[in-house]
Amino acid sequence: MTQETSPKAIVVFDIDGVVRDVSGSYRRAIADTVEYLTTQAYRPTPLDIDQLKSEGVWNNDWEASQELIYRYFETQGQTRKQLQLDYNAIVAFFQSRYRGPDPKNLTGYICNEPLLLQLSYLEQLTQAGIPWGFFSGATRVSANYILEKRLGLQSPVLIAMEDAPSKPDPTGLFATVRQLENGIEQRSAIVYVGDTVADMYTVEKAQALDSSRTWIGVGVLPPHVQETAAHSNAYGETLLAAGAAIVLRNVQELSPKQIQELVSSSAQSVF
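Along each chain, the written sequence defines residue order, and numbers are assigned to residues from 1. Per-residue local features of the predicted model are confined to residues with pLDDT of at least 70, and side-chain atom pairs are confined, for both listing and counting, to 80 or more; whole-chain, interface and lining totals are unaffected and use all residues. Side-chain figures throughout are based on the complete set of non-hydrogen atoms in the structure, without hydrogens or water.

1. Description of helix α1 (residues 26-37)
In step 1: Secondary structure follows DSSP: runs of H or I at least 4 residues long count as helices, runs of E at least 2 residues long count as strands, and numbering of each begins at the N terminus. In this scheme, a helix's expected span is set at 1.5 Å multiplied by one less than its residue total. Compared with the 16 Å implied by 1.5 Å per residue over 12 residues, the 16 Å span of α1 between its first and last C-alpha is a close match.
In step 2: Restricting attention to buried positions, one finds in α1 the residues Y26, R27, A29, I30, A31, D32, T33 and V34.
In step 3: For α1, the elements touching its buried residues are α2 (46-53), α3 (61-75), α5 (87-98), α7 (140-150) and α10 (229-241).
In step 4: Of the residues flanking the end of α1, it is T39, one or two places downstream, whose phi is positive at about 45 degrees. For the exposure calls, accessible area comes from a 1.4 Å probe over protein chains only, and a residue counts as buried if that area is under 20% of its type's maximum, exposed if over 50%, partly exposed in between. The criterion used for residue contact is that any of the two residues' heavy atoms lie within 4.5 Å.

2. Considering the nonpolar core
Nonpolar side chains in soluble globular proteins tend to end up buried together.
In step 1: Ranked by size, the top nonpolar core spans 58 residues in total, and within it F13, F134, V193 and L254 carry the most contacts.
In step 2: Considering every element that reaches this core, the biggest residue donor is α3, with seven residues.
In step 3: Those residues in contact with L254 that lie beyond four places of it in its chain are V11, Y121, L125, V191, V193, V218, L248, I259 and L262. The term nonpolar core refers to a set of buried residues drawn from Ala, Val, Leu, Ile, Met, Phe, Trp, Tyr and Cys, joined through side-chain atoms within 4.5 Å.

3. Some remarks on unusual backbone geometry
In step 1: Looking along the chain, the bond that leaves K167 and enters P168 is cis, with omega of 20 degrees.
In step 2: By the secondary structure assignment, P168 is in the loop between β3 (158-159) and α8 (171-181).
In step 3: For T39, which is not glycine, the phi dihedral falls at a positive 45 degrees.
In step 4: Tracing the backbone shows T39 in the loop between α1 and α2.
In step 5: Judged by relative accessible area, T39 falls into the exposed class, the value being 63%.
In step 6: In this structure, Q84 takes a positive phi of about 50 degrees despite not being glycine.
In step 7: Structurally, Q84 can be placed in the loop between α4 (80-83) and α5.
In step 8: Judged by relative accessible area, Q84 falls into the exposed class, the value being 65%.

4. Comments concerning the pattern of salt bridges
In step 1: Any carboxyl oxygen of Asp or Glu within 4 Å of a side-chain nitrogen of Lys or Arg constitutes a salt bridge here. By the definition in use, this model includes 16 salt bridges.
In step 2: The residue E55 makes a salt bridge to R71 at a minimum N-O spacing of 2.8 Å. Residue E55 is found in the loop between α2 and α3, and its partner R71 is found in helix α3; the two are separated by 16 residues along the sequence.
In step 3: Between K167 and D199 there is a salt bridge; the shortest N-O distance is 2.7 Å. Taken together, the positions of K167 in the loop between β3 and α8 and D199 in helix α9 (residues 197-209) put the pair 32 residues apart, joining distant regions of the chain.

5. Considerations on α3
In step 1: For α3, built from 15 residues, the straight-helix expectation of 21 Å at 1.5 Å per residue is met to within 8% by its first-to-last C-alpha distance of 21 Å.
In step 2: Burial of α3 is extensive: 11 of the 15 residues sit out of reach of the surface.
In step 3: All buried positions along α3 are accounted for by D61, W62, A64, S65, Q66, E67, L68, I69, Y70, Y72 and F73.
In step 4: Pairing of N or O atoms within 3.5 Å defines a polar contact, subject to two protein rules: one partner must be a possible hydrogen donor and the other a possible acceptor, and residues neighboring in sequence count only if both atoms are side-chain atoms. Of the residues flanking the start of α3, the one acting as N-cap is N60, its side-chain oxygen 2.8 Å from the backbone nitrogen of W62.

Printed below as a string of structure tokens:
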């Protein structure tokens, strides 16, 4: 099948757990924040955080931290109304760990995030005629740090936390697609690549709101779940149950050929 006759595709990537490994940064900052604000009584494990994220509505890590704090104190017999947590204090402590104490000079956990894809992979997509961009719940500063400073991209298409409601609301995904299409008349299939249930729910909601085109969710196993086969399998099954068409161990497995096969099979299933 030649590129001219292949179904057209646009690929949109989540960033955390897909482009970069955040197990030692965002997730570590969640654990630090919860531990600090429960006065060292409770430090959530990676599994605790995964279980919360599997509910599909805790994409914002500040809100996830707050929810874990609330749930801990509820196990101690306290109500949310009694606690009256200071959300701004949660955000400030989290950012002090993730970014570092000086927001203009990043020195925190963000500086040590391993990359999960290489620039050459994105260049392969471009050469195959597949537009690509990013829709992430990360802040713009955090997202641009990894995309521009670490990967070396020049002003990539990016919708970040400040630009759209939190996932699974698909508003940000629609906005990313509009920028990537940039007046293209043919309505391409959209492939969204993410590592959480919220990412897959975002695709389902997009399909429900715009059924005139094909929306495909591709799941990626974040590195921290790949330490054991049992954890990998369970996490992968969760993503599939949430709507993922396939689940990959690394985003770079999503080759141009794999993308076209996904789009072709999805198009055929419609008829």
